[in-house]
Amino acid sequence: MDLLLFARYKRGGGSTGFRRWEFSSDIRGWEEAPAPAHVGKRLVEGLFGMDLPDRRAALVNNITHWGYGILNGVPFGIIVGSVNSPRVRYGAVFGASVWATSYAVLPAAKLYQPIWEYDARTLGKDLSAHLLYGLSTAAVFKSLSTVRGSRP
């Protein structure tokens, strides 16, 4: 998913290299941080009753972004692992559900606008990235279950 998003960033005129882009190296504070950083900031500050300084915005963004992506794979693996023959196409439903969840949760947290305020192009680009995420997750799951011989 990030490779697709980075390619789009570069096609749009972005000049940052992949490593800087992927690790959010240009984020200097909360004002310029994207939604994942703000979700992580709220979680840490709410749970531990502490204020996170601006210098932690990039780190929190990365941990939240990657952690969310990885942790979403857990229920997918449990559900798909319980069927006799996992299919890569299940990843499309998975990716679409992660996408839809973001447009339900993030507006409620006042980090996104309601879904109807986005144009179809923006929603389509975001959905296509999440479909790629879901299909990639499903493909890796299927290949690992085949390699390990866990499927009849």
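The shown structure was predicted, so the numbers you read here are calculated from the model rather than taken from an experiment. (Residues numbered from 1 in each chain as written. Predicted model: local features only at pLDDT ≥ 70, side-chain atom pairs only at ≥ 80, totals over all residues. Heavy atoms only, no water.)

> Would you mind going over the pattern of salt bridges in detail, with residue names and values included?
Oppositely charged side chains are able to pair whenever their charged atoms sit close together. The tally for this structure, following the rule as stated, stands at 2 salt bridges. Across the salt bridge formed by Glu45 and Lys41, the nearest N and O atoms sit 2.9 Å from each other. Pair noted here: Glu45 and Lys41 are both in helix α3 (residues 35-48), with a separation of 4 residues, about one helical turn. Among the residues examined, Glu45 registers a relative accessible area of 19% and is labelled buried. (Salt bridge = Lys/Arg side-chain N within 4 Å of Asp/Glu carboxyl O. Helix = DSSP H or I, 4+ residues; strand = E, 2+ residues; numbered from the N terminus. Buried < 20%, exposed > 50% of the residue type's maximum accessible area, 1.4 Å probe, protein only.)

> Provide a residue-level description of a nonpolar patch on the surface, including the pertinent values.
Judged by side-chain polarity, Leu43, Leu47, Phe48 and Met50 come together as a nonpolar surface patch covering roughly 460 Å² of accessible area. Along the chain, Leu47 falls in helix α3. The exposure class assigned to Leu47 is exposed, which follows from its relative accessible area of 66%. (Patch = residues over 30% accessible without salt bridge, like charges linked within 9 Å, V, L, I, M, F, W, Y side chains within 5 Å. Areas by Shrake-Rupley, 256 points an atom, 1.4 Å probe, with all protein chains shown as cover.)

> I'd love a proper account of the nonpolar core, names of residues and values included.
Core analysis: the largest hydrophobic core is formed by 8 residues, namely Ile27, Trp30, Ala33, Ala37, Leu52, Ala57, Ala58 and Val60. Beyond its immediate chain neighbours, meaning those up to four positions away, Ile27 contacts Glu32, Ala33, Pro34, Ala57, Ala58 and Asn61. Residues Phe94, Val98, Tyr133 and Ala138 belong to the second largest nonpolar core, which totals 6 residues. (Core = buried A, V, L, I, M, F, W, Y, C linked by side-chain atoms within 4.5 Å. Contact = heavy atoms within 4.5 Å.)

> Would you mind going over the environment of Ser85 in detail, with residue names and values included?
Tracing the backbone through its elements, the reader meets Ser85 in the loop between α4 (57-81) and α5 (90-108). Since its relative accessible area comes to 30%, Ser85 is described here as partly exposed. For the pair Ser85 and Lys142, spaced 57 residues apart in sequence, the C-alpha separation works out to 8.6 Å. Engagement of the side chain of Ser85 in a polar contact is seen with the side chain of Arg87, the distance being 2.5 Å. (Polar contact = N/O pair within 3.5 Å; in protein donor to acceptor, adjacent residues only side chain to side chain.)

> Tell me about the confidence of the model for the protein, and name the residues and values.
On average, residues of the protein score 93 in pLDDT, and 95% of them reach the 70 mark or higher. Ranking the helices and strands of the protein by mean pLDDT puts α3 first, with 97, and helix α6 (residues 120-147) last, with 93. (pLDDT = per-residue confidence, 0-100.)

> Tell me about α5, and name the residues and values.
For α5, with 19 residues, the first-to-last C-alpha span of 28 Å sits near the 27 Å given by 1.5 Å per residue. For α5, the complete set of buried residues consists of Gly91, Phe94, Gly95, Val98, Trp99, Ser102, Tyr103, Leu106 and Pro107. Taken from the residues just after α5, Lys110 is the one with a positive phi, measuring 65 degrees. (Expected span 1.5 Å × (residues − 1).)

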